[in-house]
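Architecture and fold: a report
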Amino acid sequence: MKKAYIIVNPAAGKSQADRFFLSIIQNLQTGGYECTSRATSKCGDAEKYAEEAALSGRYDIIVAIGGDGTYNEVVAGIKQSDIDIPIGYIPAGSTNDFADTLGLSAYMPLAALDVTRSQPIKVDIGDFNGRYFSYIASFGAFTGVSYSTPQSMKNILGHFAYVLSGVAELGNMKPWTVRVKAENREIDGDFIFGAVCNTTSVAGILTIDQELVDLSDGKFEVLLIRYPNNPLELNSVLFSLSMRRFTDNSLIEFFDARELEIEADPNMNWTLDGEYQQGQEKIKIKNIHEGITVLIPPGGEYK
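Only a predicted model underlies this, so the values are computations on that prediction, with no experimental measurement involved.

1. Looking at the nonpolar core
Counting 48 residues, the largest nonpolar core has Ile7, Ile62, Tyr71, Val74, Ile78, Phe193 and Ile292 as its most contacted members. Within the second largest apolar cluster, 24 residues are counted, among which are Phe133, Val178, Val180 and Leu272.

Below, the structure is given as structure tokens:
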């Protein structure tokens, strides 16, 4: 029988991992996995446990139960171990952007069953000045939504909590002067938002068409929104974002890149996979091509 090491964040989302945990274990066992589990209690636990499990050599897969932040830590732990062990992801967060991109079931017992019949797929991850991220590094409007929205609000309202917080942020937009250098272009100016991503969903608010996102092409999708000077420009930006017409608006920059060098105000903070990242004056972001192995279920949306 194969062996699965389960890392569960009991505080993620609406704390439903506890409710479904027995069903998750039963479905994994039915699918042929002997299970060992460990719960996190603080930030950094999932990274530590994943690295230890990978280095032990005793497990065939590592299963992350939690939100995208938990998944981020498991990815980081596996990369620290330098051992390529597949990740099964059972989403239990409030938004689960990356899980949506992968086409994972939001019903945890079904997601567990899918793990047992999934295929391993190598996907890209990112390096942000030496810190790993699995699907997005972002700054500006919406960026603080994931880590600043109170957990109690997330638990009550779920995805809608992010929408409410995102709308509130639009009313307090601050321009950040940023210079971006990629392989074939240099861009500078005042921006209200920027994302370097490998996902179709950003904070549950912005969406990128699936046909524009390839999770293992060695490139990120880069989205930058310039500061609108008046309500008319703001409305045009919101319309373009809602219609996913990023290339039709002069205030929006959208392109692919393998590496970026960014100069910005060190007080401009970022989020990596929804988790806080302190700002830095000089930032290098690199795509790690096929840097991790993820288990994708039959019918998953991976392209």
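2. As for helix α5 (residues 108-116)
An α-helical segment advances 3.6 residues per turn. Residues three or four places apart therefore align on the same side. For α5, the buried fraction is high: 7 of the 9 residues fall into the buried class. Buried residues along α5 sit against α1 (16-30), β2 (33-39), β3 (61-66), β4 (87-91) and β17 (282-296).

3. Some remarks on the environment of Thr40
Tracing the sequence through the fold places Thr40 in the loop between β2 and α2 (45-56). Judged by relative accessible area, which is 12%, Thr40 ranks as buried. Remark: the alpha-carbon pair of Thr40 and Thr70, spanning 30 residues in sequence, is separated by 9.1 Å. Not counting residues up to four positions away in its chain, the partners in contact with Thr40 are Ile7, Val8, Asn9, Pro10, Asp45, Ala46 and Tyr49.

4. Focus on helix α3 (residues 68-81)
Taking 1.5 Å per residue, 14 residues should reach 20 Å; α3 reaches 20 Å between its end C-alpha atoms and fits that length. Every buried residue belonging to α3 is among Asp68, Gly69, Thr70, Tyr71, Asn72, Glu73, Val74, Val75, Ala76, Gly77, Ile78 and Ser81, and all of these are buried. Where α3 terminates, the next one or two residues include Asp82, which has phi positive at roughly 60 degrees.

Criteria and thresholds
- Residues numbered from 1 in each chain as written.
- Predicted model: local features only at pLDDT ≥ 70, side-chain atom pairs only at ≥ 80, totals over all residues.
- Heavy atoms only, no water.
- Core = buried A, V, L, I, M, F, W, Y, C linked by side-chain atoms within 4.5 Å.
- Buried < 20%, exposed > 50% of the residue type's maximum accessible area, 1.4 Å probe, protein only.
- Helix = DSSP H or I, 4+ residues; strand = E, 2+ residues; numbered from the N terminus.
- Contact = heavy atoms within 4.5 Å.
- Expected span 1.5 Å × (residues − 1).

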